[in-house]
Amino acid sequence: MSKVVGKMIIVAAPSGAGKSSFVERVCSEEPRLFDTVTYTTRAMRVGESQGKPYYFVTKSEFENRVQEGFFVEWARVHENYYGTPLHQLEDSWAKGLCVIMDVDVQGVRTFRAKYPSAETIFIMPPSLDELRRRLLKRDGEKIKDLDVRMRNAEIEMRSAPDFKHLLVNDDFELSYQQFKKIVVEILDS
Ligand code: 5GP
């Protein structure tokens, strides 16, 4: 068993590229991982609840927590705030687990600066057209911020070469197996 304490895997991808499904599944299959539950001010989607996949808070509660220094990193993404609580990293390392988290590219920059040894994985959608189709399928025809998410996707994809590991999610199962192989290699290293 390798040493996972202090290890961190950061996964980024445009919204809708499949990263939360990958992270959720790899955590269910690999007990050495701890998936953070971050805070957000965005509205809950159908099927979501408090703590799944976020703690949903008001803007003023979020801002108070920023002032208290509760977040190790936070960012404004698609017109909402998202933040990672510092204690979740500390608690998971105290349990001997490796932290895995899914954040936007601003979050990746902050984590890289604070934890230079962090491992980074970027998941690309097969194309922007396919990404748009997946977002519409997931969030419905009336998705309010589709244009914002598509513009952000183009910006996020430009930062892909800065990541240590890069993969394209064209076929879910095959891409997931590639993703898991990368994660297991990091855990074993
Ligand atoms: P969604 O609202 O679609 O669940 O997520 C929107 C984006 O926010 C995703 O790119 C997700 O990775 C990112 N995100 C989630 N939690 C955090 C966080 O704590 N910090 C940052 N910087 N981004 C986050």
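Our subject is the structure listed above.
1. Some thoughts on the overall build of the protein chain
Counting its secondary structure elements, the protein chain contains 7 helices and 9 strands. Against the compact-globule benchmark of 16 Å for 189 residues, the protein chain has a radius of gyration of 16 Å, which places it among compact chains. Across its three principal axes, the protein chain shows a C-alpha extent of roughly 45 × 40 × 30 Å. Scored against the burial criterion, the 189 residues of the protein chain give a buried share of 49%. Considering only intrachain contacts with a sequence separation of at least 6, the fraction spanning at least 24 residues in the protein chain is 70%. Carbon and sulfur atoms form 52% of the exposed surface of the protein chain, whose accessible area is close to 10000 Å². In the protein chain, which carries 28 positive and 29 negative side-chain charges, the distance between the mean positions of the two groups comes to 1 Å.

2. Considerations on the pairing of strand β6 (residues 80-85)
In terms of burial, β6 is a largely internal element, 6 of the 6 residues being buried. Side chains Asn-80, Tyr-82 and Thr-84 project from β6 onto one buried face, and the interleaved Tyr-81, Gly-83 and Pro-85 project onto a second face that is buried too. Two strands pair when backbone bridges link them, and strand β3 (residues 39-40) and β6 are joined in this way by 2 bridges, in the antiparallel orientation. Of the residues in β6, the one forming a bridge with Thr-40 is Tyr-82. Sheet topology places strand β5 (residues 71-77) next to β6; 6 bridges connect them, and they run antiparallel. Each residue of the ladder has a partner; that of Arg-76, found in β6, is Tyr-81.

3. Notes on the site of the ligand
The local shell around the ligand holds 19 residues, among which Arg-42, Tyr-54, Glu-73, Tyr-82 and Asp-102 are the closest. Interatomic distance of 3.4 Å between a backbone N/O atom of Gly-83 and an oxygen atom of the ligand. A distance of 2.9 Å is found between an oxygen atom of the ligand and a side-chain nitrogen or oxygen belonging to Arg-149. For the shell around the ligand, the secondary structure elements donating two or more residues are β5 and β6. A per-class count over the shell around the ligand returns 5 nonpolar, 6 polar and 8 charged.

4. Quick notes on the pattern of salt bridges
As enumerated under the stated definition, the model contains 14 salt bridges in all. Across the pair Glu-48 and Arg-42 runs a salt bridge whose closest N-O atoms are separated by 2.8 Å. Residues participating in the shared-partner salt-bridge network are Arg-25, Glu-29, Glu-173 and Lys-180.

5. Points about the packing of aromatic side chains
All told, the structure shown has 17 aromatic pairs when counted by the stated rule. When the centroid spacing of 6.2 Å and the interplanar angle of 75° are considered together, the rings of Phe-62 and Trp-74 count as edge-to-face. Within this pair, whereas Phe-62 is found in helix α2 (residues 59-68), its partner Trp-74 is found in strand β5, the two being separated by 12 residues in sequence. On the accessibility criterion, Trp-74 (39% relative accessible area) is partly exposed. Three or more aromatic residues joined by ring pairs form one cluster here, namely Tyr-39, Tyr-55, Phe-62, Phe-70, Phe-71, Trp-74 and Tyr-81. Sitting above the plane of the Phe-70 ring, Arg-65 keeps its charged end 4.4 Å from the centroid. The aromatic ring of Phe-163 is capped on one face by Arg-112, whose charged end is 5.2 Å from the ring centroid.

Cut-offs used in this document
Every residue gets a number counted from 1 within its own chain, in the order that chain's sequence is written. Local features in this predicted model are restricted to residues whose pLDDT is 70 or higher, and side-chain atom pairs enter the listing and the counts only when it is 80 or higher, whereas totals over whole chains, interfaces and linings include all residues. Side-chain numbers come from the whole structure's heavy atoms, not from hydrogens or water. Numbering of helices and strands runs from the N terminus, with a helix taken as a DSSP run of H or I at least four residues long and a strand as a DSSP run of E at least two residues long. Radius of gyration here uses only the C-alpha atoms, and the compact-globule reference equals 2.2 Å multiplied by the residue count raised to the power 0.38. Relative accessibility thresholds used throughout: buried, under 20% of the residue-type maximum; exposed, over 50%; partly exposed, between the two (1.4 Å probe, protein chains only). Only heavy atoms enter the contact rule, under which two residues are in contact if any of them lie within 4.5 Å. For the accessible areas, the method is Shrake-Rupley and the probe is 1.4 Å, while residue cover comes only from the protein chains on display. Lys and Arg are tallied as positive, Asp and Glu as negative. Neither His nor the chain termini are counted. For charged residues, the charge sits on one atom: NZ in Lys, CZ in Arg, CG in Asp, CD in Glu. We treat two strands as partners when DSSP finds at least two bridges between them. We call a residue near a given molecule or strand whenever any one of its heavy atoms falls within 4 Å of it. Polar contact criterion, stated in full: a pair of N or O atoms within 3.5 Å, where within protein one must be able to donate a hydrogen and the other to accept it, and residues adjacent in sequence count only if both atoms are side-chain atoms. Ten residue types, Ala, Val, Leu, Ile, Met, Phe, Trp, Tyr, Cys and Pro, are classed as nonpolar, four, Asp, Glu, Lys and Arg, as charged, and the remainder, Gly among them, as polar. What makes a salt bridge here is a side-chain nitrogen of Lys or Arg within 4 Å of a carboxyl oxygen of Asp or Glu, nothing more. A pair of aromatic rings is counted whenever rings of Phe, Tyr or Trp (Trp by its six-membered ring) have centres within 6.5 Å, and the orientation is called stacked for planes under 30 degrees apart, edge-to-face for over 60 and tilted otherwise. Lysine and arginine charges are scored as sitting over a ring when NZ or CZ, respectively, is within 6 Å of the ring centre and within 35 degrees of the ring normal.

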